[in-house]
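Analysis of the macromolecular model
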Amino acid sequence: MRSLHRKYRPVVVLRVRSRVSIFISDHKLAHEALVQNGAIFSIRSVSSPTAKLCFYSPMWRLFLRNLTSEILHPFRVRPYFVARKWILDILIHGLEQDAPTAGIKAVDHFQYVMFRLLMLSYVDSLLQQELPEEKRCLTEEEMVTLCSEFLSAGTNTTTIALDKESVWVNGCRKDLHKMPYLKAVMLEGLKRHPSGHFVLPHAVSEDAELNGHLIPKNGGTIDIMIVEMGWDPKVWEDLMEFKPERFLKKNGEVEFDITGRKEF
């Protein structure tokens, strides 16, 4: 794929049997599709157990808002301080237990504690949700399905990122938000070695145009190539150098919008 994008960038269309895949490697086009035209490009595969959540709707917006404001928002870090300290103690204990052996497989410990932390925070948030159209709470089956999808993706990608970066942080400290350089190190690590080559495949709810290309409804999937964006020499200076400072402002604060609303 990398050689194809060097030759035909920024959009490559491949047909494998009856399936058409559209690969995008340009960050501006990704921002245009997923942020500026997010309502159109928000469709996911209908083969998912939560197929009714794949389409842009009040329910879709409800769960997106729940994730961004209750689970992933930086201001939610402090309320979960006790839980994070508990998880950190479990991680340290597990690593110490394996230390006398021939070696420590850290990835297993990371995956286990991330699963427990995400389960604790995510399930707690789902109990408070009310479906906007049906005016009811989630059933146990719906919560199990949501947790399964969220935790399977969340624990695996987070574990891979931690394993690749090998950054050890005292997660119980209350002043992590005052450590901008550490955050910049993590961002630089994710730029160089993201936890996945692509985001989950998207599709369009109606015919759309992107970079002069017509993307028809039911015409295939859109795959955003994260790795290619992080290794784009047109965007990043000193591409092969590990340079966390690129994410810092002059005042030392991190210059990064985790919501993706601003084009970096």
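On a predicted model such as this, the values are computed, not experimentally measured, just so you know.

1. Some remarks on the environment of Ile215
- Considering the arrangement of structural elements, one finds Ile215 in strand E6 (residues 213-215).
- Here Ile215 falls in the buried class, since its relative accessible area comes to 3%.
- Taking the C-alpha atoms as reference points, Ile215 and Val204, eleven residues apart in sequence, are found 7.5 Å from one another.
- Every residue in contact with Ile215, bar those within four places of it in the chain, is listed here: Ile22, Phe41, Val204, Glu206, Asp207, Ala208, Leu210 and Ile222.

2. As for the confidence of the model for the protein
- Scored by pLDDT, the protein has a mean of 76; 76% of the residues are at 70 or more.
- The spread of mean pLDDT over the elements of the protein runs between helix H6 (residues 140-165), the lowest at 66, and strand E5 (residues 208-210), the highest at 89.

3. A short note on the packing of helix H4 (residues 81-98) against helix H5 (residues 106-126)
- Where H4 meets H5, the axes come as close as 10 Å, and the angle between the chain directions of the two elements is 160°. If you check the angle between H4 and H5, you find them roughly antiparallel. Here H4 and H5 pass one another in a crossing that is right-handed. Contact with H4, carried on its side by Ala83, Arg84, Trp86, Ile87, Ile90, Leu91, Gly94, Leu95 and Asp98, involves His109, Phe110, Tyr112, Val113, Arg116, Leu117 and Leu120 of H5 and no other residues of that element.
- Grouping the amino acids of the contact of H4 with H5 by side-chain chemistry returns eleven nonpolar, two polar and three charged.

4. So, the pairing of strand E1 (residues 11-16)
- Note that E1 and strand E2 (residues 19-24) share six bridges and pair antiparallel. Following the sheet pairing, Val16 is matched in E2 by Arg19.
- The turn linking E1 back onto E2 is made up of two residues, and Arg17 within it adopts a positive phi angle of 60°.

5. Points about the packing of helix H3 (residues 58-71) against H5
- Running from N to C, H3 and H5 cross one another at 130°; their axes reach a closest spacing of 11 Å. On the basis of the axis angle, H3 is oblique to H5. Considering only the axes of H3 and H5, their crossing is right-handed. Residue-level contacts link Phe63, Asn66, Leu67, Glu70 and Ile71 of H3 to Ser121, Tyr122, Ser125 and Leu126 of H5.

Cut-off values and rules
Residues numbered from 1 in each chain as written. Predicted model: local features only at pLDDT ≥ 70, side-chain atom pairs only at ≥ 80, totals over all residues. Heavy atoms only, no water. Helix = DSSP H or I, 4+ residues; strand = E, 2+ residues; numbered from the N terminus. Buried < 20%, exposed > 50% of the residue type's maximum accessible area, 1.4 Å probe, protein only. Contact = heavy atoms within 4.5 Å. pLDDT = per-residue confidence, 0-100. Axes fitted to C-alpha atoms, helices over the stretch in contact; angles between N-to-C directions. Parallel < 35°, antiparallel > 145°, perpendicular 65-115°, else oblique. Left-handed = near helix turned anticlockwise from the far one by under 90°. Nonpolar A, V, L, I, M, F, W, Y, C, P; charged D, E, K, R; others polar. Pairing = 2+ DSSP bridges.

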